[in-house]
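Coordinate analysis (summary)
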Amino acid sequence: MARVLNFSAGPAQLPLAVLERAAKEMTDYGNTGTSVMEMSHRSKAFEGILHKSKDDLRKLMAIPENYDILYMQGGASTQFAAVPLNLLGDKTAADYADTGAWSDKAIKEAKKYCDVNVVASSKAEIYNHIPDLDKSKFNPEAAYFHFTCNNTIYGTKWTNLPEVGNVPLITDMSSSILSEPVDVSKYGVIYAGAQKNIGPAGLVIVIIRKDLLELSKEKAKKMTPTMLRYDICAENDSMYNTPPTYSIYIAGLVFEYLLGLGGLDEMKKRNVAKADLLYGFLDNSKMFKATVRPQDRSLMNVPFITGNEELDDKCVKAATAAGMINLKGHRSVGGLRASIYNAIDLDGVKTLVNFLEKFEKENA
Ligand code: PMP
């Protein structure tokens with residue numbers, strides 16, 4: 001069967017060139033006579049894969065030397081616990097912004113370990129915007145400030161970073177990492193589940209400022225499982241145990257591929273062009289409507305509705321029949337959602353817009 005256009009929010013479409021290369025190397029990686037999946041993680045060949053992937057990610061995101069890159073496991077959700085367990089230090093409270101279901105889960109998890117101060121929430125409006133921040137609500141004694149910089153389900157994105165002074169800024173970048181350049185030096189920790197713009201689900205990338213590694217070494221909560229300790233992961237080069245070797249290999253192929261395309265400036269150009277095309281269509285349509293106000297719109301996740309559930313369903317089904325899958329909105333919001341991660345190119349979005357235009361004419 002021909003490949004479909006997959007608008008899933010994750011696990012998501014990967015670049016075909018990466019999949020084809022992995023297929024080619026599946027049974028014999030670099031003349032080793034084995035698959036990466038079968039290789040010892042202590043072998044020279046795997047160490048080469050691990051280190052090249054980290055070097056390439058550092059180049060791609062311009063990660064400064066005072067930051068480490070950790071490969072961890074358990075999906076982004078495991079970081080909801082790892083963050084407070086490692087980073088509270090002597091403090092007992094942390095600030096959280098509540099901008100979606102994933103923020104909410106991060107908050108619920110953190111509440112097991114500290115006092116959570118929710119500085120702002122858009123929950124009452126079903127998370128359809130990024131709330132304004134009132135600095136007087138920040139806790140000056142917070143160990144860190146946590147926010148979800150791109151909200152996968154609701155399609156909102158923070159365009160201005162919270163001004164938190166010396167309080168470490170921690171962000172869940174699962175659904176926007178590698179979509180555009182970011183100034184890593186503004187953050188204490190960036191973490192991201194891999195299954196959108198990076199590779200297989202389960203792998204989590206953690207980019208952490210080195211002083212926070214020291215903090216976890218000296219002050220992580222005693223109960224912290226060894227596998228969740230940032231300092232131990234760093235000291236062991238992300239190989240305290242057998243790491244998810246194949247996932248790291250695929251992530252490395254994606255990093256190399258993106259560097260070859262011109263890096264994150266180029267990805268941003270492409271992603272802005274894609275998003276402009278889709279939002280432009282939605283804003284001019286009489287049938288479809290984007291649910292997020294323009295200033296908070298995600299480049300990666302575009303939710304939209306017709307206002308009629310039956311018509312939404314009909315549209316999703318017709319799209320599937322036309323080779324465009326996973327356009328159904330998240331079960332908590334309904335409607336439709338097109339996730340247009342890096343691997344969906346401008347032609348893919350044009351195909352979608354042409355389909356929606358035709359659907360609108362035929363169902364007017
Ligand atoms: N955070 C965000 C922003 C997400 O989109 C997701 C998953 N879609 C998660 C966290 C949870 O990731 P995981 O399933 O890898 O735990």
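Not measured: the values here are computed from a predicted model. One numbering rule holds for all chains: residues counted from 1, following each sequence as written. A pLDDT threshold of at least 70 governs which residues receive local features in this predicted model, and a stricter bar of 80 or more applies before side-chain atom pairs are shown or counted, although totals over entire chains, interfaces and linings include all residues. In computing side-chain values, all of the structure's heavy atoms are included and hydrogens and water are not.

The next subject is the overall build of the protein chain. Put simply, DSSP H or I for four residues or longer makes a helix, DSSP E for two residues or longer makes a strand, and each gets a number counted from the N terminus. On a plain count of helices and strands, the protein chain comes out with ten helices and 14 strands. Taken over C-alpha atoms, the radius of gyration comes to 21 Å for the protein chain, in line with the 21 Å a tight globule of 364 residues would show. Considering the protein chain as a whole, with its 364 residues, one finds that 56% of them fall into the buried category. Contacts between residues were defined by any pair of non-hydrogen atoms, one from each residue, lying within 4.5 Å. Restricting to contacts in the protein chain with at least 6 residues of sequence separation, those with at least 24 account for 67%. Taken as a whole, the protein chain presents about 16200 Å² of accessible surface, with 51% of it coming from carbon and sulfur. C-alpha atoms define the radius of gyration, and 2.2 Å times the number of residues to the power 0.38 defines the globule rule. For every residue, the accessible area obtained with a 1.4 Å probe (protein chains only) is divided by the maximum for its type, and the residue is called buried under 20%, exposed over 50%, and partly exposed between those limits. Using the Shrake-Rupley algorithm and a 1.4 Å probe, accessible areas are obtained, with residue cover drawn only from the displayed protein chains.

What follows is about the domain arrangement of the protein chain. Its domain assignment divides the protein chain into domain 1 (17-261) and domain 2 (263-362). Here the C-alpha centroids of domain 1 and domain 2 sit 27 Å apart. Of the residues lining the interface, 25 residues belong to domain 1; the matching set on domain 2 comes to 26 residues. Simply put, the buried area is the total loss of 1.4 Å probe accessible area from both parts when two parts are fitted together. Across the domain 1 to domain 2 interface the summed buried area is about 2200 Å²; carbon plus sulfur atoms make up 56%. When a carboxyl oxygen of Asp or Glu lies within 4 Å of a side-chain nitrogen of Lys or Arg, that pair is called a salt bridge. For the pair domain 1 and domain 2, the interface holds one salt bridge. Nitrogen and oxygen atoms within 3.5 Å of one another constitute a polar contact, given that in protein one can donate a hydrogen and the other can accept it, and given that sequence-neighbouring residues count only through two side-chain atoms. At the junction of domain 1 and domain 2, the tally comes to eleven residue pairs in polar contact (both at pLDDT 80 or more). Listed by contribution, the elements that provide at least two residues to the side of domain 1 that touches domain 2 are α2 (44-61), β7 (156-157) and α7 (245-261). Considering each element in turn, the side of domain 1 that touches domain 2 owes the most residues, three residues, to α7. Only Asp, Glu, Lys and Arg are considered charged in this grouping, and only Ala, Val, Leu, Ile, Met, Phe, Trp, Tyr, Cys and Pro are considered nonpolar; every other residue, Gly among them, is considered polar. Considering only residue class, the side of domain 1 that touches domain 2 consists of eleven nonpolar, eleven polar and three charged. Throughout, the edges of the domains are those of an automatic or database domain assignment.

All right, on to the sheet that holds strand β14 (residues 336-339) then. Read from one edge to the other, the open sheet built from three strands follows the order β11-β12-β14, with strand pairing classed as antiparallel. The sheet is open, and its two edges are formed by β11 (289-290) and β14, each paired on a single side. Here strand β12 (residues 301-305) runs beside β14; their pairing, made up of four bridges, is antiparallel. Pairing of Val302 across the sheet is with Ala338, part of β14. When DSSP finds two or more bridges between a pair of strands, those strands are recorded as paired.

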